[in-house]
Amino acid sequence: MSSKVIVTIFGASGDLAKRKLYPSLFRLYKSGNLSKHFAVIGTARRPWSKEYFESVVVESISDLADSPEQAQEFASHFYYQSHDVSDTEHYIELRKLQNRLNEEYQAEHNKLFFLSMAPQFFGTIAKHLKSEKIVDGKGFERLIVEKPFGTDLETASQLNSDLLAAFDEEQIFRIDHYLGKEMIQNIFAIRFANLLFENIWNRNYIDNVQITFAEKLGVEERGGYYDESGALRDMVQNHTLQLLSLLAMDKPESFTKDAIRAEKIKVFEHLIQPSQEDLKKYFIRGQYKSGKVNGKKYISYRSEPNVNPESMTETFVSGAFFIDSDRFRDVPFFFRTGKRLTEKGTHVNIVFKQMDSIFGQSLAPNVLTIYIQPTEGFSLSVNGKEVGELFNLSPISFDYRTDATASGASPEPYEKLIFDVLNNDSTNFSHWDEVKASWKLIDQIEELWRHNQVPLHEYAAGTMGPTASDELLSQFGAKWQWNPHN
Ligand SMILES: NC(=O)c1ccc[n+]([C@@H]2O[C@H](COP(=O)([O-])OP(=O)(O)OC[C@H]3O[C@@H](n4cnc5c(N)ncnc54)[C@H](OP(=O)(O)O)[C@@H]3O)[C@@H](O)[C@H]2O)c1
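Residues numbered from 1 in each chain as written. Predicted model: local features only at pLDDT ≥ 70, side-chain atom pairs only at ≥ 80, totals over all residues. Heavy atoms only, no water.

**Q** I'd like a description of the nonpolar core, backed by residues and values.
**A** Core analysis: the largest hydrophobic core is formed by 105 residues, its most contacted members being L244, L247, F321 and F333. Leaving out residues up to four positions away in the same chain, L247 has contacts with I187, R191, W201, V209, I211, F328, F333, V348, I350 and I370. Counting 39 residues, the second largest nonpolar core, distinct from the first, contains V7, L28, L417 and F429. (Core = buried A, V, L, I, M, F, W, Y, C linked by side-chain atoms within 4.5 Å. Buried < 20%, exposed > 50% of the residue type's maximum accessible area, 1.4 Å probe, protein only. Contact = heavy atoms within 4.5 Å.)

**Q** How would you explain the site of the ligand if you had to name every residue and give the values?
**A** What surrounds the ligand is a group of 20 residues, the closest being D15, R19, R45, R46 and M117. Between an oxygen atom of the ligand and a side-chain N or O atom of R45, the distance comes to 2.7 Å. Relative to its free-state accessible area of 890 Å², the ligand is covered by the protein chains to the extent of 75%. No other element matches the three residues that helix 1 (residues 15-30) contributes to the shell around the ligand. Across the shell around the ligand, the residue classes break down as eight nonpolar, five polar and seven charged. (Near = heavy atom within 4 Å. Polar contact = N/O pair within 3.5 Å; in protein donor to acceptor, adjacent residues only side chain to side chain. Areas by Shrake-Rupley, 256 points an atom, 1.4 Å probe, with all protein chains shown as cover. Helix = DSSP H or I, 4+ residues; strand = E, 2+ residues; numbered from the N terminus. Nonpolar A, V, L, I, M, F, W, Y, C, P; charged D, E, K, R; others polar.)

**Q** Just give me the short version of the sheet that holds strand 8 (residues 283-289), but keep the residues and values in it.
**A** Spatial ordering of the open sheet is given by 18-17-16-13-7-12-11-8-19, a layout of nine strands whose pairing is mixed. In this open sheet, the two edge strands, each paired with only one partner strand, are strand 18 (393-402) and strand 19 (456-460). When the angles between neighbouring strand axes are averaged without regard to direction, this sheet yields 20°. In this structure, strand 16 (residues 367-373) lies alongside strand 17 (residues 376-385), joined through five bridges in antiparallel fashion. In the strand pairing of strand 17, L368 is matched with L380. Strand contacts of helix 14 (residues 432-450): strand 8 and strand 11 (316-321), with the helix running at about 60° to strand 8, the strand carrying the most contacts. (Pairing = 2+ DSSP bridges. Axes fitted to C-alpha atoms, helices over the stretch in contact; angles between N-to-C directions.)

**Q** Lay out the packing of helix 1 against helix 3 (residues 68-75) in plain terms, naming residues and giving numbers.
**A** Packing of helix 1 against helix 3 brings their axes to within 11 Å, and their N-to-C directions diverge by 105°. The angle between the axes of helix 1 and helix 3 places the two elements in the roughly perpendicular class. For the pair helix 1 and helix 3, contact is made by Y22, L25, F26, Y29 and K30 and by Q70, E73 and F74, respectively. Residue classes in the contact of helix 1 with helix 3 are distributed as five nonpolar, one polar and two charged. (Parallel < 35°, antiparallel > 145°, perpendicular 65-115°, else oblique.)

**Q** Tell me about the environment of L196, and please be specific about residues and values.
**A** Here L196 shows up in helix 8 (residues 195-198). Of the residues examined, L196 reaches a relative accessible area of 58% and is grouped as exposed. Each C-alpha atom, one on L196 and one on E73, is 49 Å from the other, the two residues being 123 residues apart in sequence.

**Q** How would you explain helix 10 (residues 257-269) if you had to name every residue and give the values?
**A** Here helix 10 spans 18 Å end to end across 13 residues, near enough to the 18 Å set by a 1.5 Å rise per residue. Burial in helix 10 covers these residues: A259, I260, R261, E263, K264, I265, V267 and F268. Along its buried surface, helix 10 packs onto helix 7 (182-192), helix 9 (223-248) and helix 14. (Expected span 1.5 Å × (residues − 1).)

**Q** Could you give me a rundown of the pairing of strand 16, with the residues and numbers involved?
**A** A regular strand places its side chains on the two faces of the sheet in alternate fashion. For strand 16, the tally of buried residues reaches seven of seven residues, placing the bulk of the element in the interior. Of the pairings in the sheet, the one linking strand 13 (residues 345-352) to strand 16 comprises six bridges and is antiparallel in character. The residue of strand 16 that forms the bridge with I350 is L368. Between strand 16 and strand 17, which pair antiparallel one after the other, the connecting turn spans two residues.

Structure representation (structure tokens):
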């Protein structure tokens, strides 16, 4: 890994930079993954001085630093340049600063650009980086872009070609911060390092897969953004389909980025494009109305600030994806995601096929649950005998839960992902082929919804979504395994 690098952060005064990027860079610095040969250029429009920028950085890492001296020494690597991304003159100044710091820190011309701004600016920035020769072909040059990557296939394609004018696909790292989570990466270990699962991870043994991304919060102060986006674009196009690809892929030939990527892309290519009929039957949208949770009253989505009072935007979506592969043909991959649900959590349930009964007793399916957040771990439910004279069966569960992220033992997703970029490892980022295939699918669903060809179901705040989402699973003789109650 080369830790000799000048990192340029566009959007350095923003929320993400302060909450995630500076602390993650600091963790990398503290663990020795960033050497003394690194500097960070922060840019945004507001006219900050270097001193003020340093104080912002120090403040953002105050909980993590061992001493004020350590925090200050780290912050001394940070430089600020006030910059409007559409103003060419500023890139000339940026190039000068970049060159000066490259000499001062002996960074061997290595450059990392982090676009932590609204995506409408990405194309302009990439274009200027190239035309003003900040990207000059010397050293490594890598670009990290934040989500969302487009709002449909057309805008994503446009954005992609804008970036490709300055960077090659191998230099572009599209962030999906879920892919940096410890348990998402653990899926590989669970699947491929245990013959027990490796042998039965297919349509002969798996009845269905359930992916839940549940949020307890409503739209908070993001009403304006969310009302334009909705749950399908915000959560399914990226996180849900990425997670699905890790669960459904075949075993890669080796644990290398190219081999893993090739298998992931195959899953996206084999995602079945549903017929119009299936789209209506298998994809459910919902919107929260007011409700009471633990005695506290919550307002409806349409009453939230900056939300259109007649909004048709979905705050909940569930559905069933199918993959045309030998491994998983006809196995439904159910998903649901929503706001103002009963409990916060990202869970995967792998529901195995089961005999209906044995010795006259009905049997629950074996379920492997992968807990991704907020707790991390997994559990496996099996049928056991109840204590007592009679031979009564009931499910018991092998549980392994940790709170490694909270305790600081697991890396923060952004820490892990920036580490990967420094290593030139794109395994945990979305490839354009994946993004393209997922937008194609999402656009079809959006099109149907735009013409109101399927109902927008209501659900009360504090529930796990509309009943139509339960009925969806009933069509396949299945039910949601995770049913938290208020
Ligand atoms: N916050 C999160 O937790 C989160 C999570 C996932 C994804 N994201 C994504 O990350 C990106 C950044 O999010 P954020 O929450 O940090 O946004 P934010 O707080 O609104 O920050 C935007 C940044 O862009 C700068 N900026 C805006 N217009 C500019 C211009 N014309 N020229 C130069 N700088 C300009 C702003 O600084 P000035 O006003 O000083 O110019 C600010 O530093 C977005 O793409 C978002 O979708 C954020």
